[in-house]
Amino acid sequence: MSLKEAMQVVDLVINNVHVMTMSSTVDNAYGLIQDGLVAIHNQNIVWVGEQNQAPNFQAVETVNGQGKYLSPGLIDCHTHLVFAGNRANEFEQRLTGVSYEEIAKQGGGIISTVKATRAATEQELLDLAIKRATQLMSEGVTSLEIKSGYGLDTDTEIKMLKVARKVGEQLPINVKTTFLGAHAIPPEFKDNADGYIDLLVNETLPLVADLGLADAVDGFCENIGFSPIQMSKLFDKANTLNLPVKLHAEQLSDLSGAELVANYHGLSADHLEYLSDNSIKAMQQNNTVAVLLPGAFYTLSETKLPPINQLRQANVPIAIGSDYNPGSSPLCSLKLMLHMACTQFKLTPEETVLGVTKNAALALGLNNKGTIEQGQSADLCLWDIQHPAELAYTFGVNPLLTSWVEGKKISL
């Protein structure tokens, strides 16, 4: 057999690179393979390991990593980036001492964004969303969750989800969509939250499911949102429609929302500043991911920290999201969230990188993304850094050199 016949034909080889596999099968911090090589074929990783142990590959394209660092593509597992308008005035109000809850009760907050989003056309929303998603992609985001929740009526919720789907069609990024109709009580149902939940259960969610517009169902379980009983009714309907669930929980108070969503085998519970031990136990037992959102914690000047040590001790996977939205986290940078998760929540740099790769994939049910392993999707980022911790250490500089989605190089 000739040398050429012995070679394995692949689409792409990335060599001379330090590979942050983020895999537990590699017994180093960051799952690091020094002087590594990654081979890609048909959109997937077919080999990863030390370069001096690599088989003979005949590659259509070879990229010399020049001793830089290769990571899985970043995953932003919690965003609200389809919306119109802004809430800079509320930012000013909070700086003078007005609380998030008070602003909401005054008719501001989510409802002010609802008015602007209802008035916007689908194309206007898409143009805005494309700009925001492109900004996230410029810092290495290759997968993204987009929630609805600024419509609070059937037509606008569907409009938002259609826009979210189009973001994934028009940009080289994987988009997962989440129905968040239970984000707030709309003006039409003031003092009648039960009636609004009935609308979602009987009309909106079934139509969303029929149209194939949602990959999951979410809600806002808080005193200024919806009760656990109301969320249970929505989750029961989601189950009949075979849609996984997740929940905004324990951001402002402890209503045991995280325990509720975990008992529904939910993908994630998000925010979690007021998370209880009972809820942590339920999350542990049901493999529900803890999604921490330092941008909202920072923007709202919160002081109650999520119980990081208890989550660690229970081995609950911790993911990090930008929570990009116009009110509580107007921060369109997942890389900034890495830095904030370290400085605000005292996570280690390795924990934060896991939080936007492997654990973020778990939070979205993406079984083929988040690590650099054989069989995984070839979503990758090449970084001009000298140590993996630099991804969380610096902000204001962008060390991204190249990114790939399903093995295709991305040009922005």
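The protein carries the name Imidazolonepropionase in an unreviewed UniProt entry, which gives Psychrosphaera aquimarina as its organism. Heading Catalytic activity (unreviewed entry) of the UniProt record for the protein holds this comment: "4-imidazolone-5-propanoate + H2O = N-formimidoyl-L-glutamate". Note on the protein: under the UniProt heading Sequence similarities (unreviewed entry), the record states "Belongs to the metallo-dependent hydrolases superfamily. HutI family."

Caption draft 1: Main features of helix α7 (residues 193–210). Compared with the 26 Å implied by 1.5 Å per residue over 18 residues, the 24 Å span of α7 between its first and last C-alpha is a close match. Bending of α7 peaks at approximately 40° at the position of Leu200. Along α7, the residues classified as buried are Ala193, Gly195, Tyr196, Ile197, Leu200, Val201, Thr204, Leu205, Pro206 and Val208. Trailing α7 by a residue or two, Gly212 shows a phi angle of about 65°, which is positive.

Caption draft 2: Spatial organisation of the nonpolar core. In terms of nonpolar packing, the biggest core is built from 105 residues, with Leu81, Val167, Met231, Leu272 and Met283 touching the most fellow members. The contact partners of Leu272, leaving out residues within four places of it in the chain, are Ala249, Glu250, Gln251, Ala258, Met283, Ala290, Val291, Leu292, Pro306 and Pro307. Counting 16 residues, the second-largest nonpolar core is a separate cluster that includes Leu12, Ile45, Ala378 and Leu382.

Caption draft 3: Region of interest: the layout of surface pockets. As a volume, the largest pocket reaches approximately 530 Å³. In terms of lining, the largest pocket is formed by 20 residues, of which the most central are Ala104, Lys105, Ile111, Ile185 and Ile224. Within the residue set of the lining of the largest pocket, elements represented by two or more residues are α3 (100–105) and α4 (110–119). The element contributing the most residues to the lining of the largest pocket is α3, with three residues. The residue inventory of the lining of the largest pocket, partitioned by class, reads 10 nonpolar, seven polar and three charged.

Scoring rules and cut-offs
- Residues numbered from 1 in each chain as written.
- Predicted model: local features only at pLDDT ≥ 70, side-chain atom pairs only at ≥ 80, totals over all residues.
- Heavy atoms only, no water.
- UniProt positions renumbered as here; feature names shortened; annotations may be inferred.
- Helix = DSSP H or I, 4+ residues; strand = E, 2+ residues; numbered from the N terminus.
- Expected span 1.5 Å × (residues − 1).
- Bend = angle between axes of the 7 residues up to and from the residue.
- Buried < 20%, exposed > 50% of the residue type's maximum accessible area, 1.4 Å probe, protein only.
- Core = buried A, V, L, I, M, F, W, Y, C linked by side-chain atoms within 4.5 Å.
- Contact = heavy atoms within 4.5 Å.
- 1 Å grid on protein atoms, 1.4 Å probe; cavity = no way out; pocket = protein on both sides within 12 Å on 5 of 7 lines; lining within 4 Å.
- Points joined across faces, edges and corners; volume = space filled by probe spheres on them.
- Nonpolar A, V, L, I, M, F, W, Y, C, P; charged D, E, K, R; others polar.

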